[in-house]
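# Working through the structure, step by step
Listed below, chain by chain, are the residues.
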Amino acid sequence: MSEPARTALFGGTFNPLHNGHLAIARSVLEQGLADEVWILITPCNPWKKNQELLDDRLRYDMVSDAVRDIDGIYASDYEFQLPKPSYTADTLRHISADYPDREFILTVGADNWVKFHNWREADFILGNYPIIVYPRQGYPIENVSGNVTLLDCPLMNISSTQIRQMVRDGAPINKFVPASTARTILEKKLYTNI
């Protein structure tokens, strides 16, 4: 019997996806922490309930376009079929049942790791799934032990919030997002009113 594929789940709203996200996904693969990375577009993050989001399918399409030619990195709309808001413990239970041939690994930023104890069913997640924590500026990483791995990844001082603001300000974003993402934002005039 073959070993289950180690699949890192990298969840978020990706509103929009930027080069920092892709650097994290690539680092997970390059460091051998997973066999593949699923960029899991969430329709509703419990921590960001009031944030105005682009349409779910549009965000999924933008991520799909950005990763189309990157081996081992895939866009996933799995959470679209689950109740909203999307709680990680629920997603992990469902996706593990639907894909028994995979070992799922949760990938979170240091900003989420510092408040992980406040997540719904944090103990269940910690007890049943390996976790990869990637660095975020201003969030020192502590209490990394057991099945938690710190990702060795350069800090990228860019966020989706900053990119949306740059679009509103008319500033170029080409250095910060994949070419396909920049093209879609420009063509569809996205984020100009958010």
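Structure shown above.
Presented here is a report on the structure given in the accompanying data block.

## Quick look at the environment of Leu 22
Within the element layout of this structure, Leu 22 appears in helix α1 (residues 19-30). Among the residues examined, Leu 22 registers a relative accessible area of 5% and is labelled buried. The sequence separation of Leu 22 and Ile 70 amounts to 48 residues, and the corresponding C-alpha distance is 9.6 Å. Discounting chain neighbours no more than four positions away, the residues touching Leu 22 are Leu 17, Ile 39, Val 67, Ile 70 and Pro 178.

## What to know about the packing of aromatic side chains
Inspection of every chain in the model, using the stated rule, returns ten aromatic pairs. Ring geometry for Phe 10 against Tyr 134: centres 5.5 Å apart, planes inclined by 70°, an arrangement best described as edge-to-face. Of this pair, Phe 10 sits in strand β1 (residues 5-12) while Tyr 134 sits in strand β5 (residues 131-134), and the two are 124 residues apart along the sequence. Between Phe 124 and Tyr 129, the aromatic rings sit 6.1 Å apart at their centres with planes inclined by 70°, giving edge-to-face as the arrangement. Phe 124 sits in the partly exposed class, given a relative accessible area of 22%. When its relative accessible area of 9% is taken as the criterion, Tyr 129 is described as buried. A network of ring pairs unites the aromatic residues Trp 38, Tyr 78, Tyr 99 and Phe 104 as a single cluster. The residue whose ring lies beneath Arg 93 is Phe 124, and the NZ or CZ to ring-centre distance is 4.0 Å.

## Some details on unusual backbone geometry
Note: most peptide bonds trans; most residues except glycine with negative phi. Here Asn 15 and Pro 16 are connected by a cis peptide whose omega angle stands at 10°. Inspection of the secondary structure assignment puts Pro 16 in the loop between β1 and α1. Residue Pro 85 is reached from Lys 84 by a cis peptide bond, and omega for that bond is 0°. Positionally, Pro 85 belongs in the loop between β3 (73-76) and α3 (88-98). Residues other than glycine seldom take positive phi values, yet Phe 14 does so here, at roughly 45°. Relative to the elements of secondary structure, Phe 14 occurs in the loop between β1 and α1. Here the phi dihedral of Lys 189 falls at roughly 55°; this positive angle occurs in a residue that is not glycine. Checked against the element boundaries, Lys 189 lands in the segment after α7 (179-188). Residue class for Lys 189 comes out exposed when judged on its relative accessible area of 61%.

## Describing the pairing of β1
Where β1 meets strand β4 (residues 102-109), six bridges bridge the pair, whose relative direction is parallel. Following the sheet pairing, Ala 8 is matched in β4 by Ile 105. Bridge count for β1 against strand β2 (residues 36-41) is six bridges, and the pairing is parallel. Across the sheet, the residue bridging to Gly 12 is Ile 41, located in β2. In this fold, β1 hands off to α1, which returns the chain to β2; that crossover is right-handed.

## A short note on the side chain of Thr 7
Within the secondary structure layout, Thr 7 lies in strand β1. A polar atom in the side chain of Thr 7 sits 2.7 Å from the side chain of Glu 36. The residues contacting Thr 7, other than those within four sequence positions of it, are Glu 36, Trp 38, Arg 102, Glu 103, Phe 104 and Ile 105.

## A short note on the pattern of salt bridges
Counted by the stated rule, this structure contains nine salt bridges. Between Arg 93 and Glu 121 there is a salt bridge whose closest N-O contact spans 2.5 Å. Here Arg 93 is found in helix α3, whereas its partner Glu 121 is found in the loop between α4 (110-113) and α5 (122-128), with 28 residues between them in sequence. Residue classification places Glu 121 among the partly exposed residues on the basis of a relative accessible area of 34%. A salt bridge links Asp 101 to Arg 102, with the shortest nitrogen-to-oxygen separation between them at 3.3 Å. Asp 101 gets classed as partly exposed once you look at its relative accessible area, which sits at 46%. If you follow the salt bridges from partner to partner, you end up with Glu 36, Asp 101 and Arg 102 in one network.

How each quantity is defined
Residues numbered from 1 in each chain as written. Predicted model: local features only at pLDDT ≥ 70, side-chain atom pairs only at ≥ 80, totals over all residues. Heavy atoms only, no water. Helix = DSSP H or I, 4+ residues; strand = E, 2+ residues; numbered from the N terminus. Buried < 20%, exposed > 50% of the residue type's maximum accessible area, 1.4 Å probe, protein only. Contact = heavy atoms within 4.5 Å. Phe/Tyr/Trp six-rings, centres within 6.5 Å; stacked < 30°, edge-to-face > 60°. Lys NZ or Arg CZ within 6 Å of the ring centre and 35° of its normal. Pairing = 2+ DSSP bridges. Right-handed = clockwise from strand over helix to strand, strands pointing away. Polar contact = N/O pair within 3.5 Å; in protein donor to acceptor, adjacent residues only side chain to side chain. Salt bridge = Lys/Arg side-chain N within 4 Å of Asp/Glu carboxyl O.

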